[in-house]
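A structural walkthrough
So the chains spell out like this:
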Amino acid sequence: MPASTRAFIKRGGAVCVAAAVLLGGTFTAGAATAAPAQDIESLSISSAPAPTTATPMATNAPSNAALPEGLAEAVERDLGLTVDEFNKRGALAAKAADIQTGAGSDAVVSLDGDTINVQTTDPAAATAAASDTEVNIEIVSPAPDAATSPDTLLADYIAKFGSSKLQSIMRNGAGDFVIRTGEPATGGPATARFAALTAQSSVADFAAKYNNVTLEATSGPATPYVDVANGQGYGPTFNGNVVGYCSIGWHGFNAAGDAAVISAGHCTADGQFKDATLTDPKTEPAVGGAGGGDLGTLGIFGFSQFGGPGNTPITGDPTDPAGEIGNIGTDISVIDKIGKNVYQVAKVTNWGAPAESGAKEPQVSGVSEAIAGASICKSGRTTGWKCGTVAGVGIFLVRGSNDVNDLRAVRGFASAELEAAEGDSGGSIIAGSLAVGMISAGIPNGPTYGVSLTDALSKTAGYSVKIFLNAPTVTPTAPVSREGAITGTVNSVPDGTTVVVTVDGVKTEVTVGADGTWSAKAPNKSGVFKVAAVAKNGFSESATATGSVEVIKETLPSPAITVPVNEGTMAAPVTAITGTGTAGATVKLTGDVTGAALVNEAGSWSVPVTPGLAVGNYTVTAMQTLADWNDSSTASSKFSVVYAAPVIVSPSNGAEFAFKESPTRITGTNVEGAAVIVTADGKSYKAAVTSTAWTVTLDASLTSGSHTITAVQSLDGVQSLTATSSFVVLAEPAPAAPEQTQQAQAPAPRDNGMDLASTGASSTTILLGAAGGLLLLGGAVFLLLRRRNSN
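Residues numbered from 1 in each chain as written. Predicted model: local features only at pLDDT ≥ 70, side-chain atom pairs only at ≥ 80, totals over all residues. Heavy atoms only, no water.

1. Topic: the environment of Phe 273
Convention followed: Every helix listed is a DSSP run of H or I at least four residues long, and every strand listed is a run of E at least two residues long, numbered separately from the N terminus.
Among the secondary structure elements, Phe 273 is positioned in the loop between strand 13 (259–263) and strand 14 (275–279). For the pair formed by Phe 273 and Gly 240, sequence separation is 33 residues and the distance between their alpha carbons is 9.8 Å.

Here's what the structure looks like:
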């Protein structure tokens, strides 16, 4: 163990790290033993053999082993837990995996029952990830003689011993590395192509270099077995013949969303096997059958990788201790073009009740990572449900199909209790309801190895696992208005889930709130509409929930008549009635004016009046109509049309007059035959009217200041609108000071030595003429004028 301060910090916070739950298959098949495609009988398949005649196949399960039960029985039997407790620990393992991601690769995160333990040299990193789960953080001091990762330890081991007698290097929950060594399961000693060194020290001496490395002797390296359904069986075929059996790991999708199956890579014999046949789960060894039972085509193998890229063995230069170890890979295959008769569900086959699929099958709610100490269970077509604990996470070596030196390195995890056998390869491994891996390899009576699902998926071109999503509910509601809210809920779905709502043939994708609620708009028309809602996450979709919504037929609001305004007065002639309303509606006028107009997108309308309305009193009523709406109530405007105001010609509006030069006469024009009344400063005058012109003579001069004159005309008892003119009479100018007078009378300077005499002109007008009306100063000509208003 590394030196430690042993400063344990008890925290009430979960360190959330993206946990990639590895789904492990116990054993992989002899598809790893490559052989020429034309010589099928020379293949060495150390797996559940394919039938060569109609004789029932023999099971590979131990004859003294009890038939496997469903998940609930396996969890209780192997782990002493209920399914609910198993699911809760799976969720805790996912949080632990999130902590591992947040705290970094140097931290050691593990589970101990219901507690997450973290060993780290950087407590801040682990503490920052903690949120709502109880976490024990142990602050450790890095030791110079401690191994830091499976990769560096593997490189050091191979530099000294090659890959001979090496089965796996895993890191356990205590933070220690366990090197498993042993002879190959079959054949002679493993002599990797780069492992022909003469050992200068023993493996025990090698392990002694590190204070956190132990040895464990096994009969390895592990050997793969050929092995289908989330856990159900299938048979890889060669030239139309089933050559062995594997188990489906996970139903899923390719990058385009097409259906796919994810299984172990070695089941393809390094890509030699192209097709896969689905087998009958009711006849598998997992339920006591002989296996087989062809149900038709499962699909066609696409991408596969067993070991490094291109199905390559581990590489490295053993003579260079500093050299890099290459081709540490994975064990994954994908099956595309899934048969039309295959309906994929995001559940794992419940071998305890194969005839009662559906509700009793465990659901897959997401993908996570394996964590040391986590409780896991696997489903495979040979041994069914088996459960155990993750002993360590790291790298394991599996015999390839070429020769004894063909060792494939795979990232994954180990479990000593997770029993599996031939035909289980590729089978589902779950932690709670989370997919964490697939069965990859194992040693009889020894550890079983699962491939890391998250790492394996990263090697594919965007393949993903199909997860189970609860169907949404559509909340029953009272009738709603147009575009009112259609609401519902969806429970226990992962982040990023949306709901696709279809109403009246229109699909809308809406987000799901933190409380599981969702909301979509009702149609913008009345009626009763069917509602369909589907939860969606990636390419995974739930079952469809249905409901209905009634959108009531609403009543349009009343339009408004803006011109003429109600109780208002307008000058004749009135040539249009205008107003506002609902865009798209039709406004109909009745009363003294009839007509119709469409309300434009801006919400306004106008009905022309031809000929225009003459003098008189009028009432106009407006109502709007629109398809699929109730007609609006009416709006009315009562108004008067009168003569236009007379015109005030003089004084004009805004004029200015000099002191003592205010106007004494007011003039204007009128309708012929009309009488005109003029009001000036509050006093009314009856104008003298001659045809269409009128005149008023004021009684007295107007004082300095602002003045307003109004005028109205009347004819046949109807009074017109009022005309107004405002003007200003300037104040008396202040008398000039004596000095200013003398200066004003002083001779002006002459231009070119000549004086220019004062003209003596008044302040109102400077006379211009031969007597000197032009003032020449410095060559400039100034024309001084004052505006004078005459009446």
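There is more to say after this.
2. Comments concerning unusual backbone geometry
Selection criterion: Partly exposed residues are those whose accessible area sits between 20% and 50% of the maximum for their type, while under 20% is buried and over 50% is exposed, using a 1.4 Å probe and protein chains only.
A cis amide bond, omega 0°, links Val 563 with the succeeding residue Pro 564. Checked against the element boundaries, Pro 564 lands in the loop between strand 34 (560–563) and strand 35 (568–571). Of note, Asn 311 is a non-glycine position whose phi angle comes to about 60°, a positive value. Its place among the elements puts Asn 311 in the loop between strand 15 (294–307) and strand 16 (328–336). For Asp 628, which is not a glycine, the phi torsion comes out positive at approximately 70°. For Asp 628, the location among the structural elements is in the loop between strand 40 (616–625) and strand 41 (635–642). When its relative accessible area of 29% is taken as the criterion, Asp 628 is described as partly exposed.

3. Overview of the pairing of strand 15
To keep it simple, the criterion reads: A pair of strands is treated as paired once DSSP finds two or more bridges between them.
Pairing of strand 14 with strand 15 involves five bridges; the strand directions are antiparallel. Within strand 15, the position partnered with Ala 276 by the bridge is Gly 299. Here six bridges tie strand 15 to strand 16, and the two strands are oriented antiparallel to one another. Each residue of the ladder has a partner; that of Phe 306, found in strand 16, is Asp 331.

4. Let's talk about the sheet that holds strand 47 (residues 688–690)
To keep things clear, this is the line we draw: Every axis in this analysis is a line fitted to C-alpha atoms, fitted for helices over the stretch in contact. Angles between the N-to-C directions lie between 0 and 180 degrees.
Taken in spatial order, the four strands of this open sheet run 42-44-48-47, and their pairing is antiparallel. Each edge of the open sheet is held by one strand with a lone partner, namely strand 42 (647–650) and strand 47. The mean inter-strand angle of the sheet, taken between neighbouring strand axes irrespective of direction, is 30°. Bridge count between strand 42 and strand 44 (residues 665–669): three bridges; the pairing is antiparallel. Bridge assignment links Val 647 to a residue of strand 44, and that residue is Thr 669.

5. Some words on the sheet that holds strand 36 (residues 574–580)
Pairing in this open sheet of three strands is antiparallel, and the strands run 34-36-39 from one edge to the other. At either margin of the open sheet sits one strand with a lone partner, and together these are strand 34 and strand 39 (604–613). Between one strand axis and the next, the sheet turns through 30° on average, direction left out of account. Relative to strand 36, strand 34 runs antiparallel, the two being bridged by three bridges. Within strand 36, the residue paired with Ile 561 across the bridge is Gly 579.

6. Let's talk about the environment of Asp 424
As a reminder, the rule being used: By the criterion applied in these results, polar contacts are pairs of N or O atoms within 3.5 Å in which, for protein atoms, one can donate a hydrogen and the other can accept it, and in which residues neighboring in sequence qualify only through two side-chain atoms.
Examined against the element boundaries, Asp 424 turns out to sit in the loop between strand 21 (407–415) and strand 22 (428–431). On the accessibility criterion, Asp 424 (0% relative accessible area) is buried. Expressed as a C-alpha distance, the spacing of Asp 424 and Gly 233, which sit 191 residues apart in the sequence, is 7.9 Å. A distance of 2.5 Å separates the side chain of Asp 424 from the side chain of Thr 383, its partner in a polar contact.

7. A look at the state of the cysteines
Worth spelling out the cut-off: Count a disulfide wherever a pair of cysteine sulfur atoms falls within 2.5 Å.
In the structure shown here, the tally under the stated rule is two disulfides. A disulfide bridge connects Cys 246 with Cys 267, and the sulfur atoms are separated by 2.0 Å. Because the torsion about its S-S bond is -100°, the bridge between Cys 246 and Cys 267 counts as left-handed. Residue Cys 246 is located in strand 11 (residues 246–247), and its partner Cys 267 is located in the loop between strand 13 and strand 14; the two are separated by 21 residues in the primary sequence. Through a disulfide, Cys 377 is tied to Cys 387; the S-S separation comes to 2.0 Å. Between Cys 377 and Cys 387, the disulfide has an S-S torsion of 105° and is therefore right-handed. Here Cys 377 is found in strand 18 (residues 375–380), whereas its partner Cys 387 is found in strand 19 (residues 384–389), with 10 residues between them in sequence. The exposure classification of Cys 377 matches that of Cys 387, with both residues buried. What links to what in the protein chain: the bonded cysteines, counted in sequence order, pair as 1-2, 3-4.

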